[in-house]
Amino acid sequence: MEKEKQTTVEVDKEQLEKMIKAIEDLTVRIEELNKTIKHKDAIIEKLQRMLFGKKSEKARHAEMMANMPTLFDLEYPEESPSSARALQNIQYSRKKRCWNKDDLGDVERTKIVIEAAEEEKKCPWCGKEMEKIGEEKVRTRVIIEEPKIRIEEIYTETYVCPSCRQDGEDVLFKTEAPLPVIPHSFASAEAIAHVASERFVKSVPYNRQEKEWKWLGLSISRRTMSNWIMAVSELYLEPVVLKMREHLLKEELCHCDETPIQVLREEGRKNTSKSWMWVYSSAAVSRKPIRIFQYAPGRGSRYPKAFLEGFEGFLVTDGYGGYSQIENTKRALCWAHVRRKFFEALPSSGKNIQKTEAYRALERIGQIFHVETELQKLEPARRAKERDRLERPLAESLFAWAEEIIERGTISSINVKGAFKYMLARKEELSSYLDNGSLPMTNSLAERTIRNFAVGRNNWLFSGSPRGAKACGVLYSIVESAKANGLIPYKYILHLLKELSRHAGKLTSEILEECMPWNPNLISICQ
């Protein structure tokens with residue numbers, strides 16, 4: 001009897017151990033599932049905010065900064081009376097936007113006079129002719145005329161000397177016709193510039209332009225338009241972009257960014273593969289505003305390394321690690337990306353939002369942006385000094401507070417934790433701008449440059465071939481560089497086509513230098 005009890009007890013112990021082990025395994029599994037659920041909840045919350053919440057971080061940022069003290073209400077260490085007096089000259093004001101109906105710019109004006117009929121010029125009482133004593137302006141109206149197509153048939157003339165012909169000698173002279181922009185093509189510089197402007201400035205894809213041309217009376221296929229753009233890109237515009245690259249490599253800093261593009265018929269790749277359009281820009285204050293787009297089949301660091309070979313300045317970028325492998329350069333990272341991380345981590349519900357770590361982080365970052373805005377009017381040397389005095393304490397305090405938050409381990413939101421880790425992992429590069437007054441705090445310039453491309457990509461969806469994608473990068477380089485220099489893109493493209501086609505096959509460095517968009521001689525031509 002005792003043996004049976006002992007055996008039963010031993011069996012019960014084994015079962016109990018198995019049950020405990022099973023419970024422990026289930027507990028671990030439950031914890032893993034809870035983490036997965038939290039992660040997916042965070043993703044769902046982020047997507048819901050993207051769909052239904054405020055689209056711009058500036059909106060929430062404006063609310064947050066509404067009661068922010070001014071630069072002179074903040075207390076900073078070692079503030080001397082002289083520097084305080086000097087900073088009082090910094091003022092920030094927003095101009096009121098108003099529209100004057102008579103302020104219609106420098107558009108050509110035509111005077112229209114409503115004349116009286118002959119019978120109306122006679123006096124209704126005596127019947128004699130009345131004299132005009134004045135006129136009155138009644139209103140102004142804007143007229144826009146529909147574009148039209150016309151065909152030019154080009155002929156040359158041939159001359160002969162009749163006197164020499166009588167002597168048995170034929171002396172002939174034939175006028176020389178200008179060379180076509182594209183060999184063996186009926187395309188004019190005006191037609192190509194129009195197609196390019198519609199596609200790369202207004203984001204009108206070729207298929208819609210094809211319909212417009214047909215309505216205007218001429219059937220030109222989208223393939224023909226694409227071939228025009230690729231041809232002039234390779235013949236004339238790509239050398240201009242390469243010349244701009246030479247100038248960019250000599251700049252003190254370069255903004256860099258990249259965005260996806262779908263390209264068909266890439267060798268060895270599926271049509272669904274993701275390719276990239278890289279963007280490189282000179283500083284906003286540069287005397288040579290340059291914006292260059294370059295297509296590449298991948299996102300590896302070898303592409304910016306090849307493009308930036310010889311560049312030895314600062315790279316202003318987001319947190320993508322591929323830029324860190326570029327030799328002989330220093331990095332300055334974008335604070336707007338840090339702010340965006342915390343903005344995306346805010347809870348979708350507005351209850352107790354001020355108590356969240358993400359909101360408090362945005363408040364601290366907002367203070368830095370607030371000070372930076374008021375320092376923008378200073379010269380670089382002075383700005384660097386004031387950044388060190390006013391912004392560095394705020395940045396160091398933010399980093400110290402973030403490290404303390406992470407060490408506590410009390411953050412429940414995966415998005416918030418990711419935002420803190422993103423910022424702390426890039427502390428040194430985020431602080432680079434504090435030492436150099438010429439460096440911007442953000443990479444917003446590159447993002448603004450790439451915006452027109454992103455709008456166009458939503459319309460035309462993909463490039464039909466690598467050759468087309470390369471031409472796409474060249475044309476966006478020309479267009480965005482023209483805009484950055486205050487030129488009208490259509491007029492700049494037209495000027496390049498007319499000027500460079502006269503030197504086809506002989507584009508020397510001197511000729512290309514004259515075609516740079518910052519050339520003051522182009523202002524009267526392309527504005």
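Located above this text is the structure these notes cover.
To start, this report covers the structure provided alongside it. The residue numbering used here restarts from 1 in each chain and proceeds along that chain's sequence as written. In view of the model being predicted, local features appear only for residues whose pLDDT reaches at least 70, and side-chain atom pairs are presented and counted only at 80 or more, with totals across whole chains, interfaces and linings using the full set of residues. Side-chain calculation: all heavy atoms of the structure are included, whereas hydrogens and water are not.

1. Here's the deal with the overall build of the protein
Formally: Only DSSP runs of H or I covering at least 4 residues are called helices, and only runs of E covering at least 2 are called strands; the numbering of each starts at the N terminus. Note on classification: 1.4 Å probe, protein chains only; a residue is buried when its accessible area is under 20% of the maximum for its type, exposed when over 50%, partly exposed between these limits. Note on contacts: a residue pair is in contact if any heavy atoms of the two residues lie within 4.5 Å.
In terms of regular secondary structure, the protein is built from 18 helices and 7 strands. Relative to its 527 residues, the protein shows a buried fraction of 39%. A separation of at least 24 residues holds for 65% of the contacts in the protein among residues at least 6 apart in sequence.

2. Structural notes on the side chain of Asp 318
Stated formally: Under the convention used here, Asp and Glu are negative, Lys and Arg are positive, and both His and the chain ends fall outside the count. Salt bridge, as applied in this entry: a Lys or Arg side-chain nitrogen positioned within 4 Å of an Asp or Glu carboxyl oxygen.
Within the secondary structure, Asp 318 is located in the loop between strand S6 (314-317) and strand S7 (330-333). In this structure Asp 318 is buried but unpaired, with Arg 299 as the nearest side chain of opposite charge at 5.0 Å.

3. So, unusual backbone geometry
Excluding glycine, residues mostly carry a negative phi; peptide bonds, for their part, are mostly trans. Its identity as a non-glycine residue notwithstanding, Asn 328 has a phi of 60°, on the positive side. Among the secondary structure elements, Asn 328 is positioned in the loop between S6 and S7. With a phi close to 70°, Leu 461 is a non-glycine residue in the positive phi region. Secondary-structure assignment places Leu 461 in the loop between helix H14 (444-460) and helix H15 (466-484).

4. Things to note about the nonpolar core
Rule in force here: Residues belong to a common nonpolar core when they are buried Ala, Val, Leu, Ile, Met, Phe, Trp, Tyr or Cys residues joined through side-chain atoms within 4.5 Å.
Counting residues in each nonpolar core, the largest one holds 71 residues, and the members touching the most others are Ile 192, Phe 200, Trp 228, Leu 308, Ile 478, Tyr 492 and Leu 497. If near-sequence neighbours (up to four positions away) are discounted, Tyr 492 is found in contact with Val 240, Ile 478, Ala 482, Leu 487, Cys 515, Met 516, Pro 517, Leu 522 and Cys 526. One finds Ala 332, Leu 362, Leu 430 and Leu 439 within the second-largest nonpolar core, a separate group that totals 42 residues.

5. Some thoughts on the environment of Val 204
Its place among the elements puts Val 204 in the loop between helix H5 (189-200) and helix H6 (206-215). Sequence separation between Val 204 and Val 455 is 251 residues, and the spatial gap between their C-alpha atoms is 10.0 Å. Not counting the four nearest positions on each side in its chain, Val 204 is found in contact with Glu 198, Arg 199 and Gln 209.

6. With respect to H15
For an α-helix, the turn length of 3.6 residues means that residues three or four places apart are oriented alike. Spelled out, the test is: Multiply 1.5 Å by the residue count of a helix minus one, and that product is the helix's expected span.
With 19 residues, H15 should cover 27 Å at 1.5 Å per step; its first-to-last C-alpha distance of 27 Å lies within 8% of that length. Among the 19 residues of H15, 14 are classified as buried, and the element is accordingly described as predominantly covered. Phi turns positive, to about 80°, at Gly 486, one or two residues after H15.

7. Describing the side chain of Glu 266
Stated formally: Two N or O atoms count as a polar contact when they lie within 3.5 Å, although within protein this holds only if one can serve as hydrogen donor and the other as acceptor, and sequence-adjacent residues are included solely when both atoms are side-chain atoms.
Here Glu 266 shows up in the loop between strand S3 (253-262) and strand S4 (274-281). Assessed through its relative accessible area of 6%, Glu 266 is described here as buried. Polar contacts involving the side chain of Glu 266 include one to the side chain of Tyr 295, which spans 2.3 Å. Dropping the residues within four chain positions of it, Glu 266 is found in contact with Ser 275, Tyr 295, Pro 297 and Pro 466.

8. So, the packing of helix H7 (residues 222-248) against H15
Just so we agree on the cut-off: The axes are straight lines fitted to the C-alpha atoms, using for helices just the contacting stretch, and the angles between their N-to-C directions are given from 0 to 180°. Each angle gets one of four labels, with under 35 degrees taken as roughly parallel, over 145 as roughly antiparallel, 65 to 115 as roughly perpendicular, and the rest as oblique. Left-handed describes a crossing whose near helix is turned anticlockwise from the far helix by less than a right angle; the clockwise case is right-handed. Classification used: nonpolar for Ala, Val, Leu, Ile, Met, Phe, Trp, Tyr, Cys and Pro, charged for Asp, Glu, Lys and Arg, polar for all others including Gly.
Remark: H7 packs on H15, axes separated minimally by 9 Å, with the N-to-C direction vectors making an angle of 55°. The angle between H7 and H15 falls in the class oblique. Between H7 and H15 lies a crossing whose hand is left-handed. Counting all contacts with H7, which are made through Ile 229, Met 230, Ala 231, Ser 233, Glu 234, Leu 237, Glu 238, Val 240, Val 241 and Met 244, the residues of H15 involved are Arg 467, Gly 468, Lys 470, Ala 471, Val 474, Leu 475, Ser 477, Ile 478 and Ser 481. Residues belonging to the contact of H7 with H15 are distributed by class as follows: 11 nonpolar, 4 polar and 4 charged.

9. Thoughts on the packing of aromatic side chains
Where two aromatic rings form a pair, the distance of their centres and the angle of their planes describe that pair. Heads up, the condition is: A pair of Phe, Tyr and Trp rings is counted when the ring centres sit within 6.5 Å of each other, with Trp represented by its six-membered ring. The angle between the planes then sorts it: under 30 degrees is stacked, over 60 is edge-to-face, the rest tilted.
Here the structure, examined in full by the defined rule, presents 14 aromatic pairs. When the centroid spacing of 6.0 Å and the interplanar angle of 80° are considered together, the rings of Trp 278 and Tyr 323 count as edge-to-face. Of the two residues, Trp 278 is situated in strand S4 and Tyr 323 in the loop between S6 and S7; the sequence distance between them amounts to 45 residues. A relative accessible area of 0% places Tyr 323 in the buried class. Here the aromatic rings of Trp 401 and Phe 420 are separated by 5.5 Å at their centres, their planes lie at 65°, and the arrangement is edge-to-face.

10. A few points about the sheet that holds S3
Heads up, the condition is: Two strands are said to pair when DSSP picks up at least two bridges between them.
Read across the open sheet, the 5 strands follow the order S5-S4-S3-S6-S7; overall the sheet is mixed. Only two strands of the sheet have a single partner each, and these edge strands are strand S5 (291-296) and S7. Each strand of the sheet is rotated relative to its neighbour by a mean of 30°, with strand direction disregarded. Taken together, the 3 bridges between S3 and S6 define a ladder with parallel strand orientation. Bridge pairing in S6 links His 255 to Val 316. Lying over the sheet, H14 contacts S3, S4 and S5, oriented at roughly 15° with respect to S3.

What is shown is where atoms sit, not what they do.
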